Amino acid sequence: MAVKEGDFIRLEYTAKTKETGDVFDTTIEDVAEEAGILVENKNYGPIPIVVAGGHVLKGLDEALVGMKEGEEKTVELTPEDAFGKRDSKLVQLVPMREFKKQNLKPYVGMTITSEGHTGIIRSISGGRVTVDFNHELAGKNLVYQIKVEKIIEDELEKIKSMIELHYPTANLDLDKTQIEIKDGKVVIQMDEMARFDQKPYMDITFARFRIARDVWENIEGIEKVEFADVFEKKVEEAAAAEEIQDKEAENVEEVAEEIVKEAKEESKVAEKLEENIEEKKE
């Protein structure tokens, strides 16, 4: 079966710059380690994407169409099909005083963010800082070694693959994520631990929207995606609570019995004292 637009697949790749041959991205851990770009705590392996879903570069999307499961291919991308040509307008001179206002000490190679755009400081001279807002790979020809590891056909697996793509977190266990498809609606109840993730609320909202969009745009018959946060009392916890209550009740009974016993003993002592007093009077 050949890959077509809208298909859910798992993609393995290694990306290099054509000019230097340097690896700048890969899904293979050994390759990343050898290239010196290994990221700790990152889950390596083929990534899930929707072909022509905007998850990879346009040139890669086009190259994937027609490939078969297990097929490998080398793809060369021009700047136009990759990160675009360099734009001189995106290289700006920023007065040093602007950095001082922010209590920042700029240095060459420093990454800064301005109005949602990320730039790199290229040089500092004469009280002026040159900031390049072009993508670091803009203007470069790229070479991708790609492999269609798997074409995903099961609908539940498709939905889980989008959760994996858009909601990567160490706390998420996809095996514990519950998904129900009924009457054109998907209800997703994510693993309980994912609810305690430290991501900002806005990031979680965007992640859920991206999951929903990819699901309803690429799975026929789906019109609505709902995320359900359900908190329920565990059976084990309920049993433990009941056991604690039983023990507390037993303790109360024991204390009550002890109090009654002590009261009876005190009563006997009082009676004995009264008898002694009466005897002395006689």
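See the structure printed just above.
Everything quoted here is computed from the prediction, not taken from an experiment.

K.L.:
Is there a simple way to explain helix H5 (residues 201-218) in this structure?
P.N.:
Residues separated by three or four positions in an α-helix point in the same direction, a consequence of the helix having 3.6 residues per turn. Spanning 18 residues, H5 covers 26 Å between terminal C-alpha atoms, matching the ideal 26 Å at 1.5 Å per step. Among the residues of H5, Ile204, Ala207, Ile211, Ala212, Asp214 and Val215 are the ones counted as buried. The arc enclosing the buried residues of H5, seen along the axis, measures out at 165 degrees, which places them on a common side. In H5, the exposed positions angled more than 90 degrees off the buried face are occupied by Met202 and Glu217.

K.L.:
Would you explain the sheet that holds strand S6 (residues 111-114) in this entry?
P.N.:
The strands that make up a sheet are held in pairs by hydrogen bonds between backbone atoms, and each pair lies either parallel or antiparallel. Taking strand neighbours across the sheet as the criterion, the 4 strands line up as S5-S8-S7-S6 in an open arrangement whose pairing is antiparallel. With partners counted over all chains shown, the strands left at the sheet margins are strand S5 (91-95) and S6, one partner each. Here the strands of the sheet are splayed against their neighbours by 40 degrees on average, with no regard to which way each runs. By the bridge criterion, 5 bridges tie strand S7 (residues 117-125) to strand S8 (residues 128-132) in an arrangement that is antiparallel. The partner of isoleucine 124 across the bridge, within S8, is valine 129.

K.L.:
It is not clear to me how the side chain of threonine 26 should be interpreted in this structure. Could you clarify?
P.N.:
Relative to the assigned elements, threonine 26 resides in strand S2 (residues 23-26). Residue classification places threonine 26 among the buried positions, given a relative accessible area of 2%. A polar contact is formed between the side chain of threonine 26 and the side chain of threonine 14, at a distance of 2.9 Å. At a separation of 3.1 Å, a polar atom in the side chain of threonine 26 contacts the main-chain amide nitrogen of isoleucine 28. If we ignore the near neighbours within four places in the chain, the residues touching threonine 26 are Tyr13, Thr14, Val31, Ala32, Ile37, Lys42 and Tyr44.

K.L.:
What exactly am I supposed to notice about the pattern of salt bridges here?
P.N.:
Think of it this way: side chains of opposite charge can pair up when their charged atoms draw near. Throughout the structure, instances matching the rule amount to 11 salt bridges. The partner of lysine 18 in a salt bridge is glutamate 76, with the nearest N and O atoms 3.0 Å apart. Of the two residues, lysine 18 sits in the loop between strand S1 (8-17) and S2 while glutamate 76 sits in strand S4 (residues 72-77), which places them 58 residues apart along the sequence. Note that lysine 147 and glutamate 149 form a salt bridge whose closest N and O atoms lie 3.6 Å from each other. The exposure class assigned to lysine 147 is partly exposed, which follows from its relative accessible area of 22%. A single salt-bridge network, built from bridges that share partners, covers Arg86, Arg122 and Asp132.

K.L.:
Looking at this structure, I do not really get the packing of aromatic side chains. What am I missing?
P.N.:
Aromatic rings in a pair are described by how distant their centres are and how their planes are angled relative to each other. Across all of its chains, the model carries 3 aromatic pairs by this definition. Between tyrosine 13 and tyrosine 144, the aromatic rings sit 6.0 Å apart at their centres with planes inclined by 50 degrees, giving tilted as the arrangement. Here tyrosine 13, found in strand S1, pairs with tyrosine 144, found in strand S9 (residues 142-152); they are 131 residues apart in sequence, far enough to count as distant. Given a relative accessible area of 12%, tyrosine 13 falls into the buried group. Classification of tyrosine 144 by relative accessible area gives buried; the value is 5%. Centre to centre, the rings of phenylalanine 24 and tyrosine 144 are 6.2 Å apart; their planes meet at 85 degrees, and the pair counts as edge-to-face. Of this pair, phenylalanine 24 sits in strand S2 while tyrosine 144 sits in strand S9, and the two are 120 residues apart along the sequence. Three or more aromatic residues joined by ring pairs form one cluster here, namely Tyr13, Phe24 and Tyr144.

K.L.:
It is not clear to me how the sheet that holds strand S12 (residues 224-227) should be interpreted in this structure. Could you clarify?
P.N.:
A sheet is described by the order of its strands in space; here 3 strands give the open sequence S10-S11-S12, paired in mixed fashion. The open sheet terminates on both sides in strands that have one partner only, identified here as strand S10 (178-182) and S12. Averaged over all pairs of adjacent strands, the angle between strand axes in this sheet comes to 15 degrees, irrespective of strand direction. Where S10 lies against strand S11 (residues 185-189), 5 bridges are found, and the strand directions are antiparallel. Bridging from a neighbouring strand, glutamate 180 pairs with valine 187 of S11. H5 rests against S11 and S12 of the sheet, and its axis sits at about 150 degrees to S12.

What counts, and at which threshold
Residues numbered from 1 in each chain as written. Predicted model: local features only at pLDDT ≥ 70, side-chain atom pairs only at ≥ 80, totals over all residues. Heavy atoms only, no water. Helix = DSSP H or I, 4+ residues; strand = E, 2+ residues; numbered from the N terminus. Expected span 1.5 Å × (residues − 1). Buried < 20%, exposed > 50% of the residue type's maximum accessible area, 1.4 Å probe, protein only. Arc of directions from axis to C-beta. Pairing = 2+ DSSP bridges. Axes fitted to C-alpha atoms, helices over the stretch in contact; angles between N-to-C directions. Polar contact = N/O pair within 3.5 Å; in protein donor to acceptor, adjacent residues only side chain to side chain. Contact = heavy atoms within 4.5 Å. Salt bridge = Lys/Arg side-chain N within 4 Å of Asp/Glu carboxyl O. Phe/Tyr/Trp six-rings, centres within 6.5 Å; stacked < 30°, edge-to-face > 60°.

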